[in-house]
Amino acid sequence: MDTRAFKRSLHHSERYNRRGFGLGEEVAGSLQTAYQSDLVASLRTNGYELRRGRLTVRLAEAFGFCWGVERAVAMAYETRRHYPSERIWITNEIIHNPSVNDHLRAMNVEFIPVDGGVKDFSEVAGGDVVILPAFGATVQEMQLLNERGCHIVDTTCPWVSKVWNTVEKHKKHAFTSIIHGKVKHEETLATSSFAGTYLVVLDLAEAQLVCDYILGKGDREAFMARFAKACSPGFDPDRDLVRVGVANQTTMLKSETEEIGKLFERTMLQRYGPARLNDHFLAFNTICDATQERQDAMFALVDEPLDLMVVIGGYNSSNTTHLQEIAVSRGIRSFHIDTPERIGPGNRIAHKPLGGDLEVEETFLPEGPIRVGITSGASTPDRIVEEVIERLIELSEP
């Protein structure tokens, strides 16, 4: 389908809204009560540090809700206020934070059920209201909802839309989109739906495999087995890796995305020479500013002397996972939790190690003076950070 034409048509529909309903003041009180924190605000104005007895808390200087997340959550609240009696759905989690999604459920917002990894839209009827989450929805989902006569409230982050525009440019000029992302992540699924020919690479190692193939060092059968579920239908590496452009899931590790872009540029330069580089390689900056700021702040924080690090955010939150990666890369004792309730009872913590399953550590805080670093993913409200700090204070007291 012509995705550009479809988007233009959808954006002019009376049943489509991506600007909210002008009810910001009406929902501001509910948002403040649910998500903001006086304690965290105080830390921001006091050098991002708090000392209580033997405990020192160091907060990253950029963390938590980004503008795109705040916008999406506020629009969801406005939607419920604007449609007080209509049935409201959301195609996925509004953001990757369990407490925020639970608040929406309490407001009688229904989530599209998933059966065997496939979303079931069978209960969604014409006239229903459907919210598209911050990381977007596939063009096929939008088309289905539009044809069914639903009212669509689109909270897609503008940074995600920027990536969609990038892959549209790749498609227009017959370039294959190399998407740095997680193949099953909702944002990457949405981005690939707007692309023409595409290939998803998870990390620098997979990107290197692709570049090796471009330089004639790979085996076709092994290549297709590796990327069978990460490419567009009918993908042919001998045909489709001649002209490539790089894009990314906005929440990936900034430094790795940059390295992948440089790797493909060097590869195409080696394969085709400098005079023909622009005929075979396209690059656009699609790294989200908020993701970059939080990662930069994390790098600064882990350069400080810390006894341990607590990273707060949903376990399916890509940007939170990458913050955890930074701590692990520096050898810091680090704990990724999704809710404050993971701490306690007693001096224990239930956490998810990088790439592992949930596990419990019984001796969480060591004896004596302790310096704890804290950051949170872009989907984590300040109120959650406050509750984690309060639990740390309680644990550290005699």
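What counts, and where the lines are drawn
- Residues numbered from 1 in each chain as written.
- Predicted model: local features only at pLDDT ≥ 70, side-chain atom pairs only at ≥ 80, totals over all residues.
- Heavy atoms only, no water.
- Buried < 20%, exposed > 50% of the residue type's maximum accessible area, 1.4 Å probe, protein only.
- Helix = DSSP H or I, 4+ residues; strand = E, 2+ residues; numbered from the N terminus.
- Arc of directions from axis to C-beta.
- Expected span 1.5 Å × (residues − 1).
- Contact = heavy atoms within 4.5 Å.
- Pairing = 2+ DSSP bridges.
- Core = buried A, V, L, I, M, F, W, Y, C linked by side-chain atoms within 4.5 Å.
- Phe/Tyr/Trp six-rings, centres within 6.5 Å; stacked < 30°, edge-to-face > 60°.
- Axes fitted to C-alpha atoms, helices over the stretch in contact; angles between N-to-C directions.
- Salt bridge = Lys/Arg side-chain N within 4 Å of Asp/Glu carboxyl O.
- Left-handed = near helix turned anticlockwise from the far one by under 90°.
- Nonpolar A, V, L, I, M, F, W, Y, C, P; charged D, E, K, R; others polar.

**Observations regarding helix α2 (residues 24-35)**
Taken as a whole, α2 has its buried residues at V27, L31, A34 and Y35. Down the axis, α2 shows its buried residues gathered within 65° of arc, on one side only. Along α2, the residues that are exposed and aim more than 90 degrees away from the buried face are E25 and T33.

**A few points about helix α12 (residues 254-272)**
Given a rise of 1.5 Å per residue, 19 residues ought to cover 27 Å, and the 27 Å separating the end C-alpha atoms of α12 matches this to within 8%. Every buried residue belonging to α12 is among K254, E256, T257, I260, G261, L263, F264, T267, M268 and Y272, and all of these are buried. At its buried positions, α12 is contacted by β10 (176-180), β11 (198-201), α9 (204-214), β12 (244-248), β13 (281-283) and α13 (289-302). Positive phi appears at G273, one or two residues downstream of α12, with a value of about 85°.

**Notes on the pairing of β11**
Alternating positions in β11 separate into two faces, Y198 and V200 on one and L199 and V201 on the other, with burial throughout. Bridge count for β10 against β11 is four bridges, and the pairing is parallel. Residue pairing for β11: I178 is matched across the bridge by L199.

**Considering the side chain of S99**
For S99, the position within the fold is in helix α5 (residues 98-106). According to the relative accessible area criterion, S99 is buried, its value standing at 17%.

**Here's the deal with the nonpolar core**
With 50 residues, the main nonpolar core has L199, V210, L241 and F264 as its most contacted residues. Excluding residues within four positions of it along the chain, L241 makes contact with I178, L199, V210, Y213, I214, F223, F235, D236 and M268. In terms of nonpolar packing, the next biggest core, distinct from the first, is built from 31 residues, F65, I88, I90 and A134 among them.

**Thoughts on the packing of aromatic side chains**
Scanning the model with the defined rule gives seven aromatic pairs in all. When the centroid spacing of 6.1 Å and the interplanar angle of 75° are considered together, the rings of Y35 and Y77 count as edge-to-face. Of the two residues, Y35 sits in helix α2 while Y77 sits in helix α4 (residues 67-82), which places them 42 residues apart along the sequence. Take Y35 and Y77: they sit in the same class, and that class is buried. Pairing F223 with F227 gives two aromatic rings, centres 4.9 Å apart and planes at 45°, and the pair type is tilted. Of this pair, F223 and F227 both sit in helix α10 (residues 220-227), separated by four residues, roughly a single helical turn.

**Comments concerning the sheet that holds β11**
If you walk across this open sheet you meet the four strands as β11-β10-β12-β13, and the pairing is parallel. Each of the sheet's edge strands pairs with one partner strand only, and the pair in question is β11 and β13. Put simply, the sheet's adjacent strands are angled 25° from each other on average, direction ignored. Direction of pairing for β10 relative to β12: parallel, over a ladder of five bridges. Across the sheet, residue I178 finds its bridge partner in β12, namely V246. In the packing of α12 onto the sheet, contacts are made with β10, β11, β12 and β13, and the angle to β12 comes to roughly 175°.

**Considerations on the pattern of salt bridges**
As enumerated under the stated definition, the model contains 22 salt bridges in all. The shortest N-O distance in the salt bridge between R371 and E304 comes to 3.4 Å. Linking R371 in strand β18 (residues 370-376) with E304 in the loop between α13 and β14 (308-312), this pair joins segments that are 67 residues apart in sequence.

**A closer look at the packing of helix α7 (residues 158-172) against helix α8 (residues 186-194)**
In the contact formed by α7 and α8, the axes pass within 8 Å of each other and the chain directions differ by 35°. Here the hand of the crossing between α7 and α8 comes out right-handed. Contacts between α7 and α8 involve V160, V163, W164, V167, E168 and K171 from the former and E187, A190, T191 and F194 from the latter. For the contact of α7 with α8, the per-class residue count stands at six nonpolar, one polar and three charged.

**As for the sheet that holds strand β9 (residues 151-154)**
By definition, the strands of a sheet pair up through backbone hydrogen bonds, in either a parallel or an antiparallel sense. Strand order in the open sheet formed by five strands is β1-β9-β8-β4-β5, and the pairing between neighbours is parallel. Bordering the open sheet on either side are β1 (16-17) and β5 (109-111), each of which pairs with just one other strand. In the sheet, strand β4 (residues 88-90) pairs with strand β8 (residues 129-132) via three bridges, with the strands oriented parallel. For I90, the partnering residue across the bridge sits in β8 and is I131. Here α4 sits on the sheet and contacts β1, β4, β5, β8 and β9; the angle it forms with β9, its principal contact strand, is near 150°.

**What about unusual backbone geometry?**
For the bond from G344 to P345, the omega torsion is 0°, close enough to zero to count as cis. Residue position: P345 is located in the loop between β15 (334-337) and β16 (349-351). Backbone geometry places N108, a non-glycine residue, at a positive phi of 65°.

**Re the environment of V73**
Mapped onto the secondary structure, V73 falls in helix α4. Taking C-alpha positions, V73 is 9.1 Å from L104, a pair spaced 31 residues apart along the chain. Here V73 is in contact with L31, Y35, F65, I95 and V100, once residues within four sequence places are set aside.

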